[in-house]
Amino acid sequence: MRWEPLLLIILMAGLSGLLIVTIGGKRRWFALLVLGYLTGLATILFTPISFDGTAVYIMPIGIGRVNLTNLDVFNLGFLENIILMLPLGFLIKWALPKLSLFGVGILGVFVGSSVETFQYILSQHWLINRSSDINDVLANALGVLIGGAVVAVYYYVTAKRHQRLRRVAA
């Protein structure tokens, strides 16, 4: 019963992978890379499989805990959650280049709170023992924002470079 979320993730990833491979396209490798990231992310977030930075392990059966008040942003778990969400920030800003960094930050808060809410629901129903934590919401939002900011800086630098090259060529 605890493994139903993992089976659903694997089924959805497999069907999506088949769709990507059969339809093809110029950026098939990129689509498969994104699918791999999202599958890994979903596995880490919504199944009893956990990664603590050095090892992968299976969480014991339980309903997890909820922390809505104790802020603790100076620990390794906070940094791990930021790093985990950086690629999602890259993808959001790359897919929606006109979205402002404020919009990316708001979307990051929405993603972080949705993840924690979904973890709470899955922990109650399938006993995956995931905790719902305000620190994780903040770290997830910060990771998405930093990832979006990196892409925004990249867009800005390349636009300036193209302007400079056009001026030199003219």
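Each value, and the rule that gives it
Residues numbered from 1 in each chain as written. Predicted model: local features only at pLDDT ≥ 70, side-chain atom pairs only at ≥ 80, totals over all residues. Heavy atoms only, no water. Patch = residues over 30% accessible without salt bridge, like charges linked within 9 Å, V, L, I, M, F, W, Y side chains within 5 Å. Areas by Shrake-Rupley, 256 points an atom, 1.4 Å probe, with all protein chains shown as cover. Salt bridge = Lys/Arg side-chain N within 4 Å of Asp/Glu carboxyl O. Lys, Arg positive; Asp, Glu negative; His and termini not counted. Charge placed at Lys NZ, Arg CZ, Asp CG, Glu CD. Helix = DSSP H or I, 4+ residues; strand = E, 2+ residues; numbered from the N terminus. Core = buried A, V, L, I, M, F, W, Y, C linked by side-chain atoms within 4.5 Å. Buried < 20%, exposed > 50% of the residue type's maximum accessible area, 1.4 Å probe, protein only. Contact = heavy atoms within 4.5 Å. Axes fitted to C-alpha atoms, helices over the stretch in contact; angles between N-to-C directions. Parallel < 35°, antiparallel > 145°, perpendicular 65-115°, else oblique. Left-handed = near helix turned anticlockwise from the far one by under 90°. Nonpolar A, V, L, I, M, F, W, Y, C, P; charged D, E, K, R; others polar. Phe/Tyr/Trp six-rings, centres within 6.5 Å; stacked < 30°, edge-to-face > 60°. Expected span 1.5 Å × (residues − 1). Arc of directions from axis to C-beta.

**A short note on a positive patch on the surface**
In step 1: A cluster of basic residues, Lys160, Arg161, Arg164 and Arg167, forms a positive patch on the protein surface.
In step 2: Examined against the element boundaries, Arg167 turns out to sit in helix H5 (residues 134–169).

**Thoughts on the nonpolar core**
One broad rule of soluble globular proteins: the nonpolar side chains tend to lie buried together.
In step 1: Leu45, Phe46, Met85, Leu88, Val115 and Val144 are the most contacted members of the largest nonpolar core, which has 18 residues in total.
In step 2: Excluding its chain neighbours within four sequence positions, the residues that come into contact with Leu88 are Tyr37, Leu38, Val111 and Val144.

**A short note on the packing of helix H2 (residues 28–46) against helix H3 (residues 76–95)**
In step 1: At a minimum axis separation of 11 Å, H2 and H3 run at an interaxial angle of 135°. Considering their axes alone, H2 and H3 lie oblique with respect to each other. The chirality of how H2 crosses H3 is left-handed. Contact with H2, carried on its side by Phe30, Val34, Tyr37, Leu38, Leu41, Ile44 and Leu45, involves Leu84, Met85, Pro87, Leu88, Leu91 and Trp94 of H3 and no other residues of that element.
In step 2: Here the residues of the contact of H2 with H3 sort into 13 nonpolar, no polar and no charged.

**Some points on the packing of aromatic side chains**
In step 1: Per the counting criterion, the structure on display carries four aromatic pairs.
In step 2: When the ring of Phe46 is compared with that of Phe118, the centres are 5.0 Å apart and the planes differ by 80°; the resulting orientation is edge-to-face. One end of the pair, Phe46, is in helix H2; the other, Phe118, is in helix H4 (residues 101–126), and 72 residues separate them in sequence.
In step 3: Residue classification places Phe118 among the partly exposed positions, given a relative accessible area of 42%.
In step 4: When the ring of Tyr154 is compared with that of Tyr155, the centres are 6.2 Å apart and the planes differ by 45°; the resulting orientation is tilted.
In step 5: Overall, the relative accessible area of 28% leaves Tyr155 in the partly exposed class.
In step 6: Here the aromatic cluster, defined as three or more aromatic residues joined through ring pairs, consists of Trp29, Phe30 and Trp94.

**Observations regarding helix H1 (residues 4–23)**
In step 1: For H1, spanning 20 residues, the distance from its first C-alpha to its last is 28 Å, which sits close to the expected 28 Å at 1.5 Å a residue.
In step 2: Restricting attention to buried positions, one finds in H1 the residues Pro5, Leu6, Ile9, Ala13, Gly17 and Ile20. Across the axial projection of H1, the buried residues extend over an arc of 95°, all falling on one side. Along H1, exposed side chains directed more than 90 degrees from the buried face belong to Leu7, Leu11, Met12, Leu15, Leu18, Thr22 and Ile23.
In step 3: The secondary structure elements touched by the buried residues of H1 are H2, strand S1 (49–51) and H4.

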